[in-house]
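# Survey of secondary and tertiary structure
What follows is the residue order along each chain.
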Amino acid sequence: MNHPAAVPAIPTLATSPLTRTDPQLAALLAEEEARQRFKIRLIASENYASSAVREASSSVITNQYSEGYPGARYYEGQQIVDQVERLAIARAKALFGAEHVNVQAHSGSPANLAVYLAFLKPGDTVLGMQLAHGGHLTHGSKASITGKYWNIVSYGLDPQTKLLDYASIRELALQHKPRLIIAGHSAYPRQLDFAAFRAIADEVGAILMVDMAHFAGLVAGGAHPSPVPYADVVTTTTHKSLRGPRGAIVMCRAEHAAKIDKAVFPGLQGGPHNAITAAIAVTLQEALRPEFATYAGQCVANARALAHGLLDHGFNLVTGGTDNHLVLVDLRNKGIAGKPLAAALDRAGLVTNYNAVPWDEQPPQNPSGLRLGSPSMTTRGFHEAEFRRIADWIARVVDSGLDDKVIAEIAVETQALCAGFPMP
Ligand SMILES: *Cc1c(COP(=O)(O)O)cnc(C)c1O
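Parameters at a glance
- Residues numbered from 1 in each chain as written.
- Predicted model: local features only at pLDDT ≥ 70, side-chain atom pairs only at ≥ 80, totals over all residues.
- Heavy atoms only, no water.
- Pairing = 2+ DSSP bridges.
- Helix = DSSP H or I, 4+ residues; strand = E, 2+ residues; numbered from the N terminus.
- Axes fitted to C-alpha atoms, helices over the stretch in contact; angles between N-to-C directions.
- Near = heavy atom within 4 Å.
- Polar contact = N/O pair within 3.5 Å; in protein donor to acceptor, adjacent residues only side chain to side chain.
- Areas by Shrake-Rupley, 256 points an atom, 1.4 Å probe, with all protein chains shown as cover.
- Nonpolar A, V, L, I, M, F, W, Y, C, P; charged D, E, K, R; others polar.
- Buried < 20%, exposed > 50% of the residue type's maximum accessible area, 1.4 Å probe, protein only.
- Right-handed = clockwise from strand over helix to strand, strands pointing away.
- Contact = heavy atoms within 4.5 Å.
- pLDDT = per-residue confidence, 0-100.
- Domains from an automatic or database assignment.
- Buried area = accessible area lost by both parts, 1.4 Å probe.
- Salt bridge = Lys/Arg side-chain N within 4 Å of Asp/Glu carboxyl O.

Attention shifts here to the sheet that holds strand β6 (residues 151-155). Overall, mixed pairing links the seven strands, which are arranged β4-β10-β9-β8-β7-β5-β6 in an open sheet. Both edges of this open sheet fall to β4 (100-102) and β6, since each of them pairs with a single strand only. Across the sheet, the axes of successive neighbouring strands diverge by a mean angle of 20 degrees, strand direction being ignored.

Neighbouring residues of the ligand: 13 residues in total, closest S107, S109, S186, D211 and K240. Note that an oxygen atom of the ligand is positioned 3.0 Å from one of the backbone N or O atoms of G108. The separation between an oxygen atom of the ligand and a polar side-chain atom of S186 is 2.8 Å. Protein chains shield 86% of the accessible area of the ligand, which is 380 Å² for the free molecule. At three residues, the largest contribution of residues to the shell around the ligand is made by helix α6 (residues 108-119). Of the residues assigned to the shell around the ligand, the class counts are one nonpolar, ten polar and two charged.

Turning next to the pairing of strand β7 (residues 180-184). Every other side chain in a regular strand lies on the same face of the sheet, so the side chains alternate between the two faces. Of all five residues that make up β7, five are buried, and the element is covered over most of its length. Here β7 shows two buried faces, one formed by L180, I182 and G184 and the other by I181 and A183. Both strand β5 (residues 125-129) and β7 contribute to a ladder of two bridges, which runs parallel. Residue pairing in the sheet places L127 in a bridge with I181 of β7. Two elements, β7 and strand β8 (residues 207-211), share five bridges in a ladder whose sense is parallel. Note on β8: the bridge partner recorded for A183 is V210. Note on the crossover from β7 through helix α9 (residues 194-204) to β8: the handedness is right-handed.

All right, on to the side chain of N47 then. Position of N47 relative to the elements: it lies in the loop between β1 (40-41) and α4 (51-57). For N47, a relative accessible area of 10% gives the class buried.

This part covers the side chain of S45. With respect to the element layout, S45 can be found in the loop between β1 and α4. Of the residues examined, S45 reaches a relative accessible area of 18% and is grouped as buried. With residues near it in sequence (within four places) discarded, S45 still touches H214, H239, K240 and R371.

Attention shifts here to the confidence of the model for the protein chain. On average, the protein chain scores 96 in pLDDT, and the residues at 70 or more come to 97%. The low-confidence segment residues 1-6, where pLDDT is below 50, has eight contacts with residues more than four positions distant or belonging to other chains.

According to the domain assignment, the protein chain consists of domain 1 (57-287) and domain 2 (291-419). Taken together, the 27 residues of domain 1 in the interface contact 25 residues of domain 2. Carbon and sulfur atoms supply 63% of the area buried between domain 1 and domain 2, which totals about 2100 Å² over both sides. Of all residues in domain 1, P189, R190 and R243 give up the largest surface area on contact with domain 2, accounting jointly for 30% of the area buried on that side. At the junction of domain 1 with domain 2, the criterion picks out one salt bridge. The shortest N-O distance in the salt bridge between D323 and R190 comes to 3.5 Å. When contributions to the side of domain 1 that touches domain 2 are tallied by element, the ones reaching two or more residues are α10 (216-220) and α12 (274-287). Of all the elements, α10 adds the most residues to the side of domain 1 that touches domain 2, at three residues. Of the residues contributing to the side of domain 1 that touches domain 2, the split by class is 13 nonpolar, nine polar and five charged.

Structural data, given as structure tokens:
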């Protein structure tokens with residue numbers, strides 16, 4: 001990393017025990033902090049957790065084992081951690097209105113696997129969104145355990161509009177009678193119709209799971225409809241738009257509580273990561289504040305400004321725009337693939353990821369799309385004007401044919417903009 005003069009001394013690291021005991025690792029973390037500080041981060045699944053969240057996530061409570069659940073542990077010494085976990089659960093209930101909450105799943109993928117374990121036998125049929133159209137690996141990809149142990153039927157998008165086609169999802173459900181239907185995505189730039197999913201699940205007697213990993217922060221802030229009233233079970237990561245530590249929450253109707261808890265522990269895991277539980281509690285308290293609703297609304301406004309900027313520069317967007325926190329660019333009319341563009345943008349100080357677009361002719365290792373998200377830079381205080389500039393920079397990089405001189409110019413500009421927007 002090369003951040004001449006611009007890198008301030010980072011006092012917390014410079015004086016920390018880590019710097020004394022492991023200067024090599026401390027130096028790497030300082031470089032990572034500089035990277036996060038001086039680049040415009042547009043990975044749709046990332047964010048900046050607050051210092052309070054990070055403090056809780058590395059606190060002494062990490063020293064403790066606490067297999068089981070509050071009031072029902074297998075170890076002594078649970079006086080405090082029980083209160084911490086109950087606090088996290090109570091705040092999740094207050095924020096999302098869920099009847100039952102489990103905060104122990106170590107991350108989004110294990111949370112989803114816990115739902116499979118709770119409701120399914122190996123070989124049962126699951127209807128989920130195709131990975132290539134924006135679903136997640138854990139919604140039944142062959143590369144995931146979910147695609148190996150269960151019978152997966154995948155739904156996709158309408159070939160014309162690239163929107164979810166609820167009539168065809170219903171057809172598939174009627175034909176295959178899934179035990180579990182999964183709604184949710186990692187790369188779909190539109191809101192979901194949870195009532196439509198509920199109606200389909202009811203018609204075929206399926207359990208409805210909504211995986212809101214990507215857009216949980218928008219739900220928390222009132223910028224996206226909530227799936228909680230519709231779904232039997234809702235899973236989410238805590239580190240994406242929700243802006244917490246790397247972890248997960250599983251919420252469900254009271255009738256499924258015992259099944260879900262048993263699936264997480266002892267079904268899949270041993271002891272919970274207590275420091276993460278503590279950090280989740282802090283995250284949820286932050287998300288209950290009015291400022292969080294402002295942030296969530298701004299995430300959507302910023303993604304929309306980015307989309308409009310890109311459309312003005314002649315980019316094609318999957319579904320033509322966005323109404324959540326992410327934009328999926330289809331680069332095929334620009335004669336450039338996602339991977340070399342993402343690499344060039346990173347050199348220009350714009351961190352993105354290459355992504356498949358629906359019906360991509362190119363392989364997933366070098367697909368035709370680019371995924372962009374607004375949460376990280378919204379957290380840092382970017383508004384529509386800054387997101388318009390991002391669209392302009394992306395267009396300049398593409399129009400230059402990934403020219404090194406243009407990229408170097410833009411790198412200076414992006415770094416200068418970042419300097420005005422401190423990271424937490
Ligand atoms: C990110 C994501 C997950 C998985 O989360 P990990 O914490 O990376 O395991 C699950 N589902 C969806 C829809 C996601 O976007």
